[in-house]
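A look at the structure
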Amino acid sequence: MMGSGKTTVGKILSGVLGYSFFDCDTLIEQSVDGTSVAEIFKLYGEGFFREKETEVLQKLSLMRQLVVSTGGGAVTRPINWRYMQKGISVWLDVPLEALAQRIAAVGTDSRPLLHQCESGDAYTEALNRLSTLWEERGEAYANANARVSLENIAVKLGHKDVSSLTPVTIAIEALEQIEGFLKEEDDMAIAGY
Ligand SMILES: Nc1ncnc2c1ncn2[C@@H]1O[C@H](COP(=O)(O)OP(=O)(O)OP(=O)(O)O)[C@@H](O)[C@H]1O
Ligand SMILES: O=C(O)C1=C[C@@H](O)[C@@H](O)[C@H](O)C1
Ligand SMILES: [Mg+2]
C-alpha cells in the first residue's frame, strides 16, 4: 500500500543483496518525459498511468538481480502479476493507522489517489481513503509470495506498536520471509509438486 515503506525497505534490501534498485513510479515518470505521477493522473487519467505501469513491470521482469519497489496499485491488474511472478513478490503489510500517520506527516501531493481535497484533519482523511482502497484491493496483496507483517514483527520483538520498528528491522524480516518462501518451494520440488 502507499506509504508502506516499499522504497525505503527496497533500497536497504538491494544494498544488502548487492542488487540494483528500481522504483516503478520513477520509471513511469521518466517514460512520460519526467512528468510526475500526480501530473500524469491529472493530465492523462489513471487508465493511462496503469498502462505505463504494466509496460514498466514487463521491462523489469526481463532483468535479473534487482529489487523493485512497485506502485501500491500494481496488485490490481492480473497481467502485472504475470510479470511480478518472474521474481519473488513481497507484501509489506502495515496497519492502515500507521500508513495514515506516515502519509499525514509527509502530505499527499505526490499521491494522487489520497490527495486531500477537504480541509479536514489530514490523518482522518488519509485513513478514510486508505480504508476505501483497502476494501477494493486488500485481498490482492495476499497474492504475494512473502508477507511481512509489521504487527507480527512487533509481537515477536516485544514492541508496544509498529511505529518503533525501523526500516532495517523490517528489511531483516523480509529476508527471513523470502528465505521461508524459497525453502517451501524447495520442499515442494523435492516432494514432486
Ligand atoms: N519503518 C518506518 N517507520 C517510520 N516511517 C517510515 C518507515 N518506513 C518508511 N517510513 C516513512 O514513511 C514514508 C513512506 O515511505 P516510502 O516512501 O518508503 O513508502 P512507499 O511504500 O515507497 O510509498 P509510495 O507508495 O508512495 O511510493 C516516508 O516518509 C518514510 O520515511
Ligand atoms: O496505490 C496506488 O494506486 C498508487 C501508488 C503509488 O505508488 C503510485 O503508483 C500511484 O500514486 C498509485
Ligand atoms: Mg515509493
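Residues numbered from 1 in each chain as written. Chains lettered and ligands numbered in written order. Predicted model: local features only at pLDDT ≥ 70, side-chain atom pairs only at ≥ 80, totals over all residues. Heavy atoms only, no water.

1. Considerations on the packing of aromatic side chains
This model, assessed by the stated rule, comprises five aromatic pairs. Here the aromatic rings of Trp91 and Tyr141 are separated by 6.2 Å at their centres, their planes lie at 20°, and the arrangement is stacked. Placement of Trp91 in strand β3 (residues 90-93) and of Tyr141 in helix α7 (residues 122-141) is noted, with a sequence separation of 50 residues between them. When sorted by exposure, Trp91 lands in the same class as Tyr141, which is buried. (Phe/Tyr/Trp six-rings, centres within 6.5 Å; stacked < 30°, edge-to-face > 60°. Helix = DSSP H or I, 4+ residues; strand = E, 2+ residues; numbered from the N terminus. Buried < 20%, exposed > 50% of the residue type's maximum accessible area, 1.4 Å probe, protein only.)

2. Some points on the side chain of Arg50
Residue position: Arg50 is located in helix α4 (residues 46-60). With sequence-adjacent residues up to four places away left out, Arg50 is seen in contact with Phe41, Gly73, Ala74, Arg77, Leu113 and Arg137. (Contact = heavy atoms within 4.5 Å.)

3. Side note on the packing of helix α3 (residues 37-44) against α4
It is at 7 Å that the axes of α3 and α4 come closest, and there the two elements cross at 130°. The angle between α3 and α4 places the two elements in the oblique class. Only Glu46, Phe48, Phe49 and Arg50 of α4 make contact with α3, whose side of the interface consists of Val37, Ile40, Phe41 and Tyr44. (Axes fitted to C-alpha atoms, helices over the stretch in contact; angles between N-to-C directions. Parallel < 35°, antiparallel > 145°, perpendicular 65-115°, else oblique.)

4. What about the pattern of salt bridges?
Scanning all chains against the criterion turns up ten salt bridges. A salt bridge links Glu53 to Arg50, with the nearest nitrogen and oxygen atoms 2.8 Å apart. With Glu53 and Arg50 both in helix α4, this residue pair falls three residues apart, about one helical turn. In this structure, the salt-bridge partner of Lys183 is Asp187, at a minimum N-O distance of 3.1 Å. (Salt bridge = Lys/Arg side-chain N within 4 Å of Asp/Glu carboxyl O.)

5. What to know about the environment of Leu60
By the secondary structure assignment, Leu60 is in helix α4. What makes Leu60 buried here is its relative accessible area of 7%. On a C-alpha basis, the gap between Leu60 and Ala122 in space is 35 Å, while along the polypeptide they are 62 residues apart. Excluding residues that lie within four positions of it along the chain, Leu60 makes contacts with Phe22, Cys24, Leu27, Leu66 and Val68.

6. Observations concerning the site of ligand 2
Neighbouring residues of ligand 2: Met2, Asp25, Val37, Phe49, Arg50, Gly71, Gly72, Gly73, Pro112, Leu113 and Arg137. Between ligand 2 and Asp25, the relevant distance is 2.6 Å, taken from an oxygen atom to a side-chain nitrogen or oxygen of the residue. (Near = heavy atom within 4 Å. Polar contact = N/O pair within 3.5 Å; in protein donor to acceptor, adjacent residues only side chain to side chain.)

7. Things to note about the side chain of Glu173
Along the chain, Glu173 falls in helix α9 (residues 167-190). For Glu173, a relative accessible area of 7% gives the class buried. Glu173 has contacts with Val148, Ile153 and Lys156, leaving out every residue within four places of it along the chain.

8. As for the nonpolar core
Most often, soluble globular proteins have nonpolar side chains that are buried together. Core analysis: the biggest nonpolar cluster contains 46 residues, and Met1, Leu130, Val148, Leu150, Leu165 and Ile170 have the highest contact counts within it. In terms of residues, this core owes the most to one element, α7, which gives six residues. When neighbours within four sequence positions are excluded, Leu150 is seen to be in contact with Asp93, Val94, Pro95, Arg102, Val162, Leu165 and Ile170. (Core = buried A, V, L, I, M, F, W, Y, C linked by side-chain atoms within 4.5 Å.)

9. Structural notes on α7
Taking the largest bend as the criterion, α7 deviates by roughly 55°, centred on Glu135. The inward-facing, buried residues of α7 contact α4, α5 (78-84), β3 and α6 (96-106). (Bend = angle between axes of the 7 residues up to and from the residue.)

10. Some thoughts on the site of ligand 1
Every one of the 15 residues lining ligand 1 counts as a neighbour, but Lys6, Thr7, Thr8, Arg111 and Leu165 are closest to it. With respect to ligand 1, the backbone of Gly5 contributes an N or O atom lying 3.0 Å from an oxygen atom. Measuring from an oxygen atom of ligand 1, one finds a side-chain N or O atom of Arg111 at 2.6 Å. Protein coverage of the free-state accessible area of ligand 1, which is 620 Å², stands at 74%. Listed by contribution, the elements that provide at least two residues to the shell around ligand 1 are α1 (6-17), α6 and α9. Per-element accounting of the shell around ligand 1 gives the leading share, three residues, to α1. Grouping the amino acids of the shell around ligand 1 by side-chain chemistry returns six nonpolar, six polar and three charged. (Areas by Shrake-Rupley, 256 points an atom, 1.4 Å probe, with all protein chains shown as cover. Nonpolar A, V, L, I, M, F, W, Y, C, P; charged D, E, K, R; others polar.)

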